[in-house]
Amino acid sequence: MRNEFRLGSDLLINRIGFGAMRLPTNSFHGPARDPGTGRAVLRRAVELGVNHIDTAAFYTSGDGTVRANALIREALHPYPADLVIATKVGPARTPDGGLAATTDPAALRPMVEENLETLGVDRLDLVYLRIGGIMPPQHGESVAERFEALATLREQGLIRHLGLSNVDAGPLAEARAIAPVTAVQNHFHAAKRDDTEVLAVCEDAGIAYVPFFPLGGGLSDLTGDRMVKVADRHGATVPQIALAWLLASSPVTLAIPGTGSIAHLEENTAARRIVLTQEDLSDLT
């Protein structure tokens, strides 16, 4: 199994990256975490070979005082030459600290510019158009105008690659007719395997498939008997086996586990050394 993936045919990244959502806080409405710890986690991630960080301008603590993009810039700028930072636009913070997704194409440029400014870059490596919240969009919802707006910004040099998040096969096909789609970020993990249609499209097209909540996101319990059995066989933890399964599920899958802890970060990145056997995969089916 290859531990690297070529994103958009030009950016070589390690398949286990890092999700920045939990750096400012453990939940969208939670209290702020210590920013010094967040910066230390980011620096350690790069030391461990992570060269793919997933973030968003709306990744903030509940009170807005700690922001993921600011932590990334403070910890890592000037960025390593091989570091790929992916972000997403669509949702925005509401005055009460919640999130609301926009359907207005004109609202996307200010969101892109905010990411450019807060990350301190002239061009964003990868920008996902995020649709809705946790649940996929309603069948038939068009993404064309919004994706066209991002495609224009790509043509203007503000974005290198485009992605989609939280979509089914229909919007993915619609977007691909407008501009190249380099990555898809959907809800998928060892205990939630129902996004096979989109994963198959990504695999056929060489599009990166980058699940959010790769370890369940606190919404799913991955600690089943079969998972524990395989973990014991490898002398590994259940989260490590869940990440190894994710990478084994397709050559286009990438993992972006997030954490605010250096110990958890080191545990997650160590999963890249686990090679699951056919017996393991059969046990996990």
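That block above? That's the structure.
Model, not experiment: these values are computed from the prediction. (Residues numbered from 1 in each chain as written. Predicted model: local features only at pLDDT ≥ 70, side-chain atom pairs only at ≥ 80, totals over all residues. Heavy atoms only, no water.)

1. Thoughts on the overall build of the chain
Moving on, step 1. Secondary structure summary: the chain contains 10 helices and 11 strands in total.
Moving on, step 2. The globule rule puts the C-alpha radius of gyration for 285 residues at 19 Å, and the 18 Å found for the chain is close to it.
Moving on, step 3. Across its three principal directions, the C-alpha atoms of the chain cover 50 × 40 × 35 Å.
Moving on, step 4. Element-wise, carbon and sulfur atoms account for 50% of the exposed surface of the chain, whose accessible area totals about 12200 Å².
Moving on, step 5. Charge-centre separation for the chain: the mean point of 26 positive side chains lies 4 Å from the mean point of 34 negative side chains. (Helix = DSSP H or I, 4+ residues; strand = E, 2+ residues; numbered from the N terminus. Rg over C-alpha atoms; globule rule 2.2 N^0.38 Å. Areas by Shrake-Rupley, 256 points an atom, 1.4 Å probe, with all protein chains shown as cover. Lys, Arg positive; Asp, Glu negative; His and termini not counted. Charge placed at Lys NZ, Arg CZ, Asp CG, Glu CD.)

2. Examining the pairing of strand S9 (residues 159-165)
Moving on, step 1. By the criterion of burial, S9 is predominantly enclosed, with six of the seven residues buried.
Moving on, step 2. Bridge count between strand S8 (residues 124-130) and S9: six bridges; the pairing is parallel. When the bridges of S9 are listed, Tyr-128 appears paired with Gly-163.
Moving on, step 3. Note that the unit made of S9, helix H5 (residues 169-176) and strand S10 (residues 183-185) has a crossover that is right-handed. (Buried < 20%, exposed > 50% of the residue type's maximum accessible area, 1.4 Å probe, protein only. Pairing = 2+ DSSP bridges. Right-handed = clockwise from strand over helix to strand, strands pointing away.)

3. Considerations on the pattern of salt bridges
Moving on, step 1. All told, the structure shown has 12 salt bridges when counted by the stated rule.
Moving on, step 2. A salt bridge links Asp-54 to Lys-88; its shortest N-O distance comes to 2.7 Å. Here the residue Asp-54 occupies a position in strand S4 (residues 52-54), and Lys-88 occupies one in strand S5 (residues 84-89), the gap between them amounting to 34 residues. Each member of the pair, Asp-54 as well as Lys-88, carries the same accessibility label: buried.
Moving on, step 3. Two residues, Glu-279 and Arg-233, come together in a salt bridge whose shortest N-O distance is 3.5 Å. (Salt bridge = Lys/Arg side-chain N within 4 Å of Asp/Glu carboxyl O.)

4. A closer look at the sheet that holds S10
Moving on, step 1. The seven strands are arranged S3-S4-S5-S8-S9-S10-S11 in an open sheet whose pairing can be described as parallel. Single-partner strands in this sheet number two, and they are strand S3 (18-19) and strand S11 (208-209).
Moving on, step 2. Looking at chain direction, S4 and S5 are connected through three bridges and run parallel. Paired with Ile-53 across the strands is Ile-85, a residue of S5.
Moving on, step 3. With respect to the sheet, helix H4 (residues 144-155) is in contact with S5, S8 and S9, its orientation differing from that of S9 by roughly 165°. (Contact = heavy atoms within 4.5 Å. Axes fitted to C-alpha atoms, helices over the stretch in contact; angles between N-to-C directions.)

5. Regarding the environment of Leu-199
Moving on, step 1. Turning to its location among the elements, Leu-199 is positioned in helix H6 (residues 196-205).
Moving on, step 2. Here the alpha-carbon distance between Leu-199 and Leu-108, two residues 91 residues apart in the chain, equals 26 Å.
Moving on, step 3. Dropping the residues within four chain positions of it, Leu-199 is found in contact with Phe-188, Tyr-209, Ser-250, Val-252 and Thr-253.

6. A few points about helix H1 (residues 35-47)
Moving on, step 1. With 13 residues, H1 should cover 18 Å at 1.5 Å per step; its first-to-last C-alpha distance of 19 Å lies within 8% of that length.
Moving on, step 2. Within H1, burial applies to Gly-38, Val-41, Leu-42 and Ala-45. Down the axis of H1, the buried side of the element spans an arc of 95°, and every buried residue falls inside it.
Moving on, step 3. The inward-facing, buried residues of H1 contact S3, S4, helix H2 (68-76) and helix H9 (262-270).
Moving on, step 4. Just downstream of H1 lies Gly-49, where phi reads positive at about 100°. (Expected span 1.5 Å × (residues − 1). Arc of directions from axis to C-beta.)

7. Considerations on the packing of aromatic side chains
Moving on, step 1. The full count for this structure, using the stated rule, is four aromatic pairs.
Moving on, step 2. Ring geometry for Phe-58 against Tyr-59: centres 5.3 Å apart, planes inclined by 85°, an arrangement best described as edge-to-face.
Moving on, step 3. The exposure class of Phe-58 is buried, given its relative accessible area of 8%.
Moving on, step 4. With a relative accessible area of 8%, Tyr-59 lands in the buried category.
Moving on, step 5. With centroids separated by 5.5 Å and ring planes inclined at 85°, the aromatic side chains of Phe-188 and Tyr-209 adopt a geometry described as edge-to-face. With Phe-188 in the loop between S10 and H6 and Tyr-209 in strand S11, this pair connects stretches of sequence that are 21 residues apart.
Moving on, step 6. Across the ring face of Phe-212, the terminal group of Arg-130 is positioned such that the distance to the ring centre comes to 4.5 Å. (Phe/Tyr/Trp six-rings, centres within 6.5 Å; stacked < 30°, edge-to-face > 60°. Lys NZ or Arg CZ within 6 Å of the ring centre and 35° of its normal.)

8. Examining the packing of helix H7 (residues 225-234) against helix H8 (residues 238-249)
Moving on, step 1. Between H7 and H8, the shortest axis-to-axis distance is 9 Å and the interhelical angle comes to 100°. Compared by their axis directions, H7 and H8 come out roughly perpendicular. Packed against H7, whose contacting residues are Met-227, Val-228, Val-230, Ala-231 and His-234, the element H8 presents Val-238, Ile-241 and Ala-242 at the interface.
Moving on, step 2. Classifying every residue of the contact of H7 with H8 by side-chain character gives seven nonpolar, one polar and no charged. (Parallel < 35°, antiparallel > 145°, perpendicular 65-115°, else oblique. Nonpolar A, V, L, I, M, F, W, Y, C, P; charged D, E, K, R; others polar.)

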